[in-house]
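# Architecture and fold: a report
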Amino acid sequence: MFSASTYQERRKKIASSVENGFVLIMGNEESPKNYHDNVYNFRQDSNFLYCCGIDKPGLHLGIDLNSGLSTLYGAEITIDHIVWMGEQPSLRELADQAGIDQVGSPKDLVKKLRETAVDLVHFLPPYRSLNANKLKEWLQLSELQPSNELIKSVIACRSYKEEQEFVEMEKALELTREMHHYVRDHAKPGMKESELSGVVAGLAQTQGGDLAYPVILTVNGQILHNHYHGNILKSGQLILGDFGCESAMRYAADITRTWPVDDSLTSQQKAIYQIVGDAHTAAVNALAPGRAYRDIHLLSSLVIANGLTELGLMKGDPAEAVKAGAHALFFPHGLGHMIGLDVHDMEDLGEDLVGYNDEIKRSEQFGLRSLRLGRKLETGMALTVEPGIYFIPQLMDQWETEGKHKDFINYADCKAFRNFSGIRLEDNYAITEKGSRLLGPVISK
Ligand code: GLY
Ligand code: MN
Ligand code: MN
């Protein structure tokens, strides 16, 4: 945990932007996998972690905006808990670690909620049905109305990382480097993807943390969220690995590398790898406070369109192609997103509220609409840069049949790339006053 004063200051700042009433930040419960006592690895809610750092189930935080007092709500440990789980800190001891003023029982929380006018209870959007159902019961409501004031206040705080948060992210990136280098050093023809993904998942747990998101490790990198690990690696294929761990304090790393299953890339793979690398470099060089990330996404899209035009897979004016969205056949996702306590930081609070604002609105165009972060960058933000090029046979067929963007795409020449799969390169950066800095150690490409 960070110091108690860190959490006190964060809570004060969050509460100061909410006018009146009672702020409730819900912690998570254990989550059953196949029966009640056989649970998934516990993951605390990130907003709760941000406000008090306590990584234990069954707790909630309340802040009374009139008195300014904070309360940690939960059930006290009984002898039964101690028999099965060993000695546990008391609620008061946990509250002290986070500088929380007082403690209360679950009943006290319900009483407090029931005596507060419903529209003065400020809570965040629950993403687990268990917490949503609890809230409905406590507030005696069938529809929940999360607090816009509180959502905006939390986003305004969590968007700018403290130096100690960067230190945690760097710890996650150190271990994530080992995970990626393991795949680089051990992938070979005849192996099953799961022989690699299993080791990577194990490594993620070696320092008290866990995976930050499910491992993508596949010879079918063109399937963007591919969690299947049953293929046998074959000579000539690429293996795309998108995985990262979270530190013991739950700060995430999110790294993608693409390796040849053999010792070197084919000339076709080299050509595409070079374009993705150029798009990555162009984007990184453009990172700076005041630059809209949407424009950096478009810049790296232009590098991709230029490269694919030189290769003969696209045609016409690359800038016009990007404007029309034709390059998105090969680069259908966004350049990146904020990262922190969540791999897609604060996505539970609303993607558009985190990544966009009144100045820059989300596009509806295929490709660009998947960009999670479009707003102007500011010092202290942490984000990913992750351009990629993919050959998705079903999408190429559909666009060709529809004659979509036929002035910009050489469908005939794309056929030689049908079995290519995909390449993505992803790193994590902090925005600094002068531009940006790579978070974590260099991970070989
Ligand atoms: N690992 C998920 C992503 O790159 O956004
Ligand atoms: Mn990412
Ligand atoms: Mn990723």
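Summarised in this report is the structure supplied together with it. Not measured: the values here are computed from a predicted model. (Residues numbered from 1 in each chain as written. Chains lettered and ligands numbered in written order. Predicted model: local features only at pLDDT ≥ 70, side-chain atom pairs only at ≥ 80, totals over all residues. Heavy atoms only, no water.)

## Focus on the site of ligand 1
- Around ligand 1 sit Tyr213, Asp242, Asp254, His337, His344, Glu386 and Glu426, and those are all the residues in its vicinity.
- In the model, an oxygen atom of ligand 1 is placed 3.2 Å from a nitrogen or oxygen of the Glu426 side chain.
- Contact with the protein chains removes 89% of the 200 Å² of surface that ligand 1 exposes when unbound.
- A class-by-class count of the residues in the shell around ligand 1 yields one nonpolar, two polar and four charged. (Near = heavy atom within 4 Å. Polar contact = N/O pair within 3.5 Å; in protein donor to acceptor, adjacent residues only side chain to side chain. Areas by Shrake-Rupley, 256 points an atom, 1.4 Å probe, with all protein chains shown as cover. Nonpolar A, V, L, I, M, F, W, Y, C, P; charged D, E, K, R; others polar.)

## A few points about the packing of aromatic side chains
- Within this structure, the stated rule accounts for seven aromatic pairs.
- Plain terms: the ring middles of Phe2 and Tyr251 are 6.3 Å apart, the flat faces sit at 55 degrees to each other, and that makes the pair tilted. Here Tyr251 lies in the loop between strand 11 (245-246) and strand 12 (255-260) and Phe2 lies in the segment before helix 1 (4-16), a separation of 249 residues in the sequence. Judged on exposure class, the residue Phe2 and its partner Tyr251 are both buried.
- Pairwise contacts between aromatic rings join Phe330, Phe391, Phe417 and Phe420 into one cluster. (Phe/Tyr/Trp six-rings, centres within 6.5 Å; stacked < 30°, edge-to-face > 60°. Helix = DSSP H or I, 4+ residues; strand = E, 2+ residues; numbered from the N terminus. Buried < 20%, exposed > 50% of the residue type's maximum accessible area, 1.4 Å probe, protein only.)

## Remarks on the sheet that holds strand 9 (residues 216-218)
- Read across the sheet, three strands follow the order 9-10-12 without closing on themselves; strand pairing throughout is antiparallel. Looking at which strands have only one partner, the edges of the open sheet turn out to be strand 9 and strand 12. Direction aside, neighbouring strands of the sheet carry axes that sit 10 degrees apart on average.
- Examined bridge by bridge, strand 9 and strand 10 (residues 238-243) share three bridges and lie antiparallel to one another. Counted as the bridge partner of Thr218 is Leu240 from strand 10.
- Relative to the sheet, helix 9 (residues 193-204) contacts strand 9 and strand 10, its axis offset from that of strand 9 by approximately 155 degrees. (Pairing = 2+ DSSP bridges. Axes fitted to C-alpha atoms, helices over the stretch in contact; angles between N-to-C directions. Contact = heavy atoms within 4.5 Å.)

## A look at the coordination of the manganese ion (ligand 2)
- Bound to the manganese ion (ligand 2) are the protein donor atoms Asp254 (OD), His337 (NE2), Glu386 (OE) and Glu426 (OE), situated 2.1 to 2.2 Å from the metal.
- Between the six donor atoms coordinating the manganese ion (ligand 2), the angles at the centre fall across 49 to 155 degrees, so the site counts as irregular.
- All donors of the manganese ion (ligand 2) come from a single chain, and their spacing in sequence reads D-x82-H-x48-E-x39-E.
- Taken as a pair, the manganese ion (ligand 2) and the manganese ion (ligand 3) show a spacing of 3.3 Å, with Asp254 coordinating each metal. With Asp254 in the loop between strand 11 and strand 12 and Glu386 in the loop between strand 13 (382-385) and strand 14 (388-390), the pair connects residues that are 132 residues apart, well separated along the chain. Accessibility assignment for this pair places Asp254 and Glu386 in one class, buried. (Donors = N, O, S within 2.8 Å, 3.2 Å for Na, K, Ca; no water. Tetrahedral: all angles 85-135°; square planar, octahedral: opposite > 155°, others 65-115°.)

## Section: helix 10 (residues 267-286)
- In this model, helix 10 (20 residues) spans 29 Å end to end at C-alpha, consistent with the 28 Å of a helix rising 1.5 Å per residue.
- Gln269, Ile272, Tyr273, Ile275, Val276, Gly277, Ala279, His280, Ala283, Val284 and Ala286 are the residues of helix 10 that are buried. (Expected span 1.5 Å × (residues − 1).)

## Thoughts on the packing of helix 5 (residues 106-114) against helix 6 (residues 129-139)
- Closest axis-to-axis distance for the helix 5/helix 6 pair is 9 Å, and the angle between their directions is 60 degrees. Of the possible angle classes, the one that applies to helix 5 and helix 6 is oblique. Along its contact with helix 5, which presents Leu109, Val110, Leu113 and Arg114, the element helix 6 presents Glu137, Trp138 and Leu139.
- Here the contact of helix 5 with helix 6 is composed, by residue class, of five nonpolar, no polar and two charged. (Parallel < 35°, antiparallel > 145°, perpendicular 65-115°, else oblique.)

## As for the layout of surface pockets
- Space inside the largest pocket adds up to approximately 890 Å³.
- Lining the largest pocket are 30 residues, with Arg43, Arg128, Ala212, Tyr213 and Glu246 positioned closest to its centre.
- Here the lining of the largest pocket is composed, by residue class, of eleven nonpolar, seven polar and twelve charged.
- The space that makes up the second largest pocket amounts to roughly 600 Å³.
- Lining the second largest pocket are 20 residues, with Glu30, Pro57, Gly58, His81 and Met85 sitting closest to its centre.
- For the lining of the second largest pocket, the secondary-structure elements that each account for two or more residues are helix 3 (79-85) and helix 4 (91-97).
- Residue composition of the lining of the second largest pocket, grouped by class: ten nonpolar, five polar and five charged. (1 Å grid on protein atoms, 1.4 Å probe; cavity = no way out; pocket = protein on both sides within 12 Å on 5 of 7 lines; lining within 4 Å. Points joined across faces, edges and corners; volume = space filled by probe spheres on them.)

## Thoughts on empty space enclosed by the protein
- A complete count under the given rule lists three cavities of 30 Å³ or more for this structure.
- Reported here for the second largest cavity is a volume of approximately 70 Å³.
- As for the second largest cavity, its lining consists of His337, Met338, His344, Asp345, Glu347, Glu351, Val354, Gly355, Arg372 and Leu373.
- The residue inventory of the lining of the second largest cavity, partitioned by class, reads three nonpolar, three polar and four charged.

## Notes on the sheet that holds strand 5 (residues 70-73)
- An order of 6-5-4-1-7 is seen for the five strands of this open sheet, with the pairing classed as mixed. The sheet is open, and its two borders are formed by strand 6 (102-104) and strand 7 (121-123), each paired with just one other strand. The mean inter-strand angle of the sheet, taken between neighbouring strand axes irrespective of direction, is 25 degrees.
- Here strand 4 (residues 60-64) pairs with strand 5 via four bridges, running antiparallel. The residue of strand 5 that forms the bridge with His60 is Tyr73.

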